[in-house]
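# Architecture and fold: a report
Below are the chains, spelled out letter by letter.
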Amino acid sequence: IRQTLLRLAGVTSVAVFMNLTDAVDGDGVPPHAVECLIAGGDDQLIFDTLLASCVAAGIPTHGNTSGTSTDSEGVDWTVKFSRAEEVPIWVKVTLLKLAHEDADPDTYPTDGDDEVKDAIVAYGDSRPTGWDVRSSKVAAQVNGVAGVLEVTACYIGTAPAPVTSTTITISTRQRAVFDTSRITVTTSDGTP
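In this report, we go over the structure that sits alongside the text. (Residues numbered from 1 in each chain as written. Predicted model: local features only at pLDDT ≥ 70, side-chain atom pairs only at ≥ 80, totals over all residues. Heavy atoms only, no water.)

Quick look at helix H3 (residues 112-125) now. Helix length check: H3, at 14 residues, gives a terminal C-alpha distance of 20 Å against a target of 20 Å (1.5 Å per residue), a fit within 8%. Buried residues in H3 make contact with strand E7 (90-98), helix H4 (135-142), strand E9 (174-177) and strand E10 (183-190). (Helix = DSSP H or I, 4+ residues; strand = E, 2+ residues; numbered from the N terminus. Expected span 1.5 Å × (residues − 1). Contact = heavy atoms within 4.5 Å.)

Okay, structure coming up:
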């Protein structure tokens, strides 16, 4: 099921929870059912794929997103899957940079702050559901931008103006979401 869903256009991650017992499990999945936690992809395409993969085999689906899919005989079926709860992440980065000089490719570019923000967002977008957010990992993305000499502080949080580098715990049913509008970059000149 997971591999089939991962082949769909736009789907970036899939976690499958199966309950083979006769009672609702600790994750809230009903007896003998399957819940697919999916990031990305088109809802209808996912409904149709789950109908072919699960419902047609007699396996009920469970989730917080519900829709209808029609089988080959024209019968409509209710199909469900889940979307992860999105946890917005705020980042505040302070760094030392090598001052811009037109002739030196190793200096901090004029759009360096935007490059820092884009690097952090690209990193965040590549992370699957359920992965914690660590300040050191975010700072590592900043170090990849030309001209960054040192990240002197990297604060992360789930509210504006973070003041700590404490790891943000993300549950198996959540996904950390980064956006350039929630990233603040403060720079000062340094020497190598």
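Glancing now at the side chain of Glu35. Take Glu35: it is sitting in strand E2 (residues 33-40). According to the relative accessible area criterion, Glu35 is buried, its value standing at 3%. Separated by 2.4 Å, the side chains of Glu35 and Ser82 make a polar contact. Residues in contact with Glu35, not counting those within four places in the same chain, are Ala15, Val16, Phe17, Val29, His62, Gly63, Ser82 and Arg173. (Buried < 20%, exposed > 50% of the residue type's maximum accessible area, 1.4 Å probe, protein only. Polar contact = N/O pair within 3.5 Å; in protein donor to acceptor, adjacent residues only side chain to side chain.)

Turning next to the pattern of salt bridges. Opposite charge on two side chains allows them to pair when their charged atoms are near. Inspection of every chain in the model, using the stated rule, returns three salt bridges. The salt bridge involving Asp43 is made with Arg83; its shortest N-O contact spans 2.6 Å. With Asp43 in helix H2 (residues 43-53) and Arg83 in strand E5 (residues 76-83), the pair connects residues that are 40 residues apart, well separated along the chain. Judged by its relative accessible area of 32%, Asp43 is partly exposed. Among the residues examined, Arg83 registers a relative accessible area of 22% and is labelled partly exposed. (Salt bridge = Lys/Arg side-chain N within 4 Å of Asp/Glu carboxyl O.)

Tallied over the full model, the rule gives two aromatic pairs. Ring plane angle 55° and centroid distance 5.3 Å describe the contact between Phe47 and Phe81, whose orientation is recorded as tilted. Taken together, the residues span a long stretch of sequence, with Phe47 in helix H2 and Phe81 in strand E5 at a distance of 34 residues. For the residue pair Phe47 and Phe81, the accessibility class agrees, reading buried in each case. Relative to Phe178, the ring of Tyr123 has its centre 6.5 Å away and its plane inclined at 65°; by these criteria the two rings are edge-to-face. Of the two residues, Tyr123 sits in helix H3 while Phe178 sits in the loop between E9 and E10, which places them 55 residues apart along the sequence. Just as Tyr123 is buried, Phe178 falls in that class too. If you follow Arg173 out to its NZ or CZ, it ends over the ring of Phe17, 4.3 Å from the centre. (Phe/Tyr/Trp six-rings, centres within 6.5 Å; stacked < 30°, edge-to-face > 60°. Lys NZ or Arg CZ within 6 Å of the ring centre and 35° of its normal.)

Turning next to the environment of Val55. Relative to the helices and strands, Val55 resides in the loop between H2 and strand E3 (61-62). Residue Val55 is classed as buried on the basis of its relative accessible area, which comes to 14%. Here the alpha-carbon distance between Val55 and Thr167, two residues 112 residues apart in the chain, equals 39 Å. With sequence-adjacent residues up to four places away left out, Val55 is seen in contact with Leu50, Thr61, Trp77 and Val79.

No statement about biological role is implied by the geometric values presented.
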